[in-house]
Amino acid sequence: MKVIIVGAGVLGVSVARQLAVVGEDVLLLDQRGAGTGTTATTFAWTNSNRKPDPDYHRLNLAGMEEHARLAEQLRGAPAYFPSGALHWADAANEQRLAGNVERLQALGYPALWVTVDEATRIAGGLRIPAAITSIAHFPGEGYVLPDRFVNNLLADAEQHGAECAIGEVVAIDDGPDGVSVTLAGGRVCTGDRVVLAAGRWTEQLAARAGIDVPMVTDVSRGAQTVGLLGYARSPELDLRCVIHSPGLNLRPEASGHTVLQALDLNADVDPANPPPRDGDLAGTLAQRFSALLPDPGRAPEIDLRIGLRSLPADGHTVAGYASTRSRVYCLVSHSGVTLAPILGRLVAAEITTDQEQDLLGAFRPTRFTGVRRSDIDVDQHATSLGEQ
């Protein structure tokens, strides 16, 4: 079977790798290169923490478990770190954190309260402010180094025969004898199946094939899709896990660097006019970071990146064929890093065996058929402790 995958982000590469491992003929297309879209600007926290929908929670749990299995199979430098995560709450957030911990404990999700001393040992080189009143530990969570993860997946896919090429897809034709993809330069690629894993470009490309996949497409100042990340090159930290605090989220990056996220600052971020390194937003991020450092005297060096999230309109993953007759498999998720390993395996199984996988049953694109957009749109602004 020849499978063309449109989009070489973390989801597309995961599916490509799994299909190649089982011997399928795979062509992976991306307009810029593997891992250069949303995957390059993600906080990359693996979790099923604030995902109350039962089907979505179950799928994310499976994603976390699959990360551990996949890490044993992939070559290259480690990319997945089951570090656990800490949520620090102050008086304004402690009730919300307590409610979430209680809910997760009732589901059997590992969640426990820890003291400041215990949290300090778990976190590594950070200072916990005096205003923090309660701390929860989620030992089953972790993080991914996205560029390394995509590179490892792609290397394994190519070793098993997958081809990766640069090309902008301008048309998808699902015809009676097969499916074809037309690139901007006029090249036409034909195959038996197409996997549309184009992240935030999904709605536009799906429409060209007559498929409705409602996405949040607004990329204006402060839109739901917009997120600011800071990459602190100094000071180097011995940060050992993911941290969510009232004013700043942090995760380790390679070489002692740290990824920073302040959700409330997203409202002031305009992708058309990126904030400068010496501007107000950068200064606020640096100030909050310094307040958590054991030695706050040295000014941090922080690079800024704007991320644009891949958000299906109803907030949930899309995984499945556009119809019972379609050869176009649609795949997009806001939880791409957490779900990549499990979606790679399950989607490949559905394509190669035509057997539906139970975990994906609630996420078919056909759920949008005949539904008004106003009935499915949800507010996905991430603003509170533990959101993304």
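Predicted model only: the values in this text are computed from it and were never measured.

Scoring rules and cut-offs
Residues numbered from 1 in each chain as written. Predicted model: local features only at pLDDT ≥ 70, side-chain atom pairs only at ≥ 80, totals over all residues. Heavy atoms only, no water. Helix = DSSP H or I, 4+ residues; strand = E, 2+ residues; numbered from the N terminus. Rg over C-alpha atoms; globule rule 2.2 N^0.38 Å. Buried < 20%, exposed > 50% of the residue type's maximum accessible area, 1.4 Å probe, protein only. Contact = heavy atoms within 4.5 Å. UniProt positions renumbered as here; feature names shortened; annotations may be inferred. Pairing = 2+ DSSP bridges. Axes fitted to C-alpha atoms, helices over the stretch in contact; angles between N-to-C directions. Phe/Tyr/Trp six-rings, centres within 6.5 Å; stacked < 30°, edge-to-face > 60°. Lys NZ or Arg CZ within 6 Å of the ring centre and 35° of its normal. Polar contact = N/O pair within 3.5 Å; in protein donor to acceptor, adjacent residues only side chain to side chain.

### Describing the overall build of the protein chain
Then step 1. Assigned secondary structure in the protein chain consists of eight helices and 20 strands.
Then step 2. Taking 388 residues into account, the globule formula puts the C-alpha radius of gyration at 21 Å, and the protein chain, at 21 Å, falls close to it.
Then step 3. Based on the C-alpha atoms only, the size of the protein chain along its principal axes is roughly 65 × 45 × 45 Å.
Then step 4. Burial analysis of the protein chain (388 residues in total) assigns 55% to the buried set.
Then step 5. Across the protein chain, contacts joining residues at least 24 apart in sequence account for 74% of those joining residues at least 6 apart.

### A few points about the UniProt feature "domain: FAD dependent oxidoreductase" (unreviewed entry) in the protein chain
Then step 1. Annotation from UniProt places "domain: FAD dependent oxidoreductase" (unreviewed entry) at residues 2-349.
Then step 2. The span residues 2-349 shows a helical share of 28% and a strand share of 27%, and its end C-alpha atoms are spaced 14 Å apart.

### Some remarks on the sheet that holds strand β10 (residues 169-175)
Then step 1. With antiparallel pairing, three strands are arranged side by side in an open sheet as β10-β11-β12. Of all strands in the sheet, those bounded by a partner on one side alone are β10 and β12 (188-191). Strand-to-strand twist across the sheet, computed as the mean angle between neighbouring axes with direction ignored, equals 15°.
Then step 2. Pairing between strand β11 (residues 178-183) and β12: four bridges, direction antiparallel. Its bridge partner being in β12, Val179 is matched across the sheet by Gly191.

### Concerning the sheet that holds strand β13 (residues 193-196)
Then step 1. Read across the sheet, six strands follow the order β9-β2-β1-β13-β20-β19 without closing on themselves; strand pairing throughout is mixed. The open sheet terminates on both sides in strands that have one partner only, identified here as β9 (163-166) and β19 (318-321). The sheet shows a mean angle of 15° between the axes of neighbouring strands, taken without regard to direction.

### Some words on the packing of aromatic side chains
Then step 1. Per the counting criterion, the structure on display carries four aromatic pairs.
Then step 2. With a centroid separation of 5.0 Å and 15° between ring planes, the pair formed by Phe81 and Tyr143 is classed as stacked. Separated by 62 residues along the polypeptide, Phe81 in strand β4 (residues 80-81) and Tyr143 in strand β8 (residues 142-144) bring together distant segments of the chain.
Then step 3. According to the relative accessible area criterion, Phe81 is partly exposed, its value standing at 24%.
Then step 4. Consider the rings of Tyr109 and Phe138, whose centres lie 6.5 Å apart with planes at 55°: the pair is tilted. Within this pair, whereas Tyr109 is found in the loop between α3 (94-106) and β6 (112-114), its partner Phe138 is found in strand β7 (residues 134-138), the two being separated by 29 residues in sequence.
Then step 5. Looking at Tyr109, the relative accessible area reads 4%, which means it is buried.
Then step 6. Across from the ring centre of Tyr231, 3.8 Å away, lies the NZ or CZ of Arg305, which sits over that ring.

### Notes on the pairing of strand β16 (residues 249-252)
Then step 1. Side chains of β16 alternate between two faces, with Asn249 and Arg251 and Leu250 and Pro252 buried alike.
Then step 2. Relative to β16, strand β15 (residues 242-244) is paired through two bridges, and the arrangement is antiparallel. Paired with Ile243 across the two strands is Leu250, which belongs to β16.
Then step 3. Between β15 and the antiparallel strand that follows it, β16, lie four residues.
Then step 4. Bridge count between β16 and strand β17 (residues 258-261): four bridges; the pairing is antiparallel. Each residue of the ladder has a partner; that of Pro252, found in β17, is Thr258.
Then step 5. Adjacent in sequence and paired antiparallel, β16 and β17 are bridged by five residues, among which Ser255 carries a positive phi angle near 60°.

### Quick word on the side chain of Asn60
Then step 1. Along the chain, the position of Asn60 falls in helix α2 (residues 54-73).
Then step 2. Within the structure, Asn60 has its side chain in polar contact with the side chain of Lys51 (distance 2.9 Å).
Then step 3. Sequence-distant contacts of Asn60, defined by excluding residues within four places in its chain, comprise Asn47, Ser48, Lys51, Ser335, Thr338 and Leu339.

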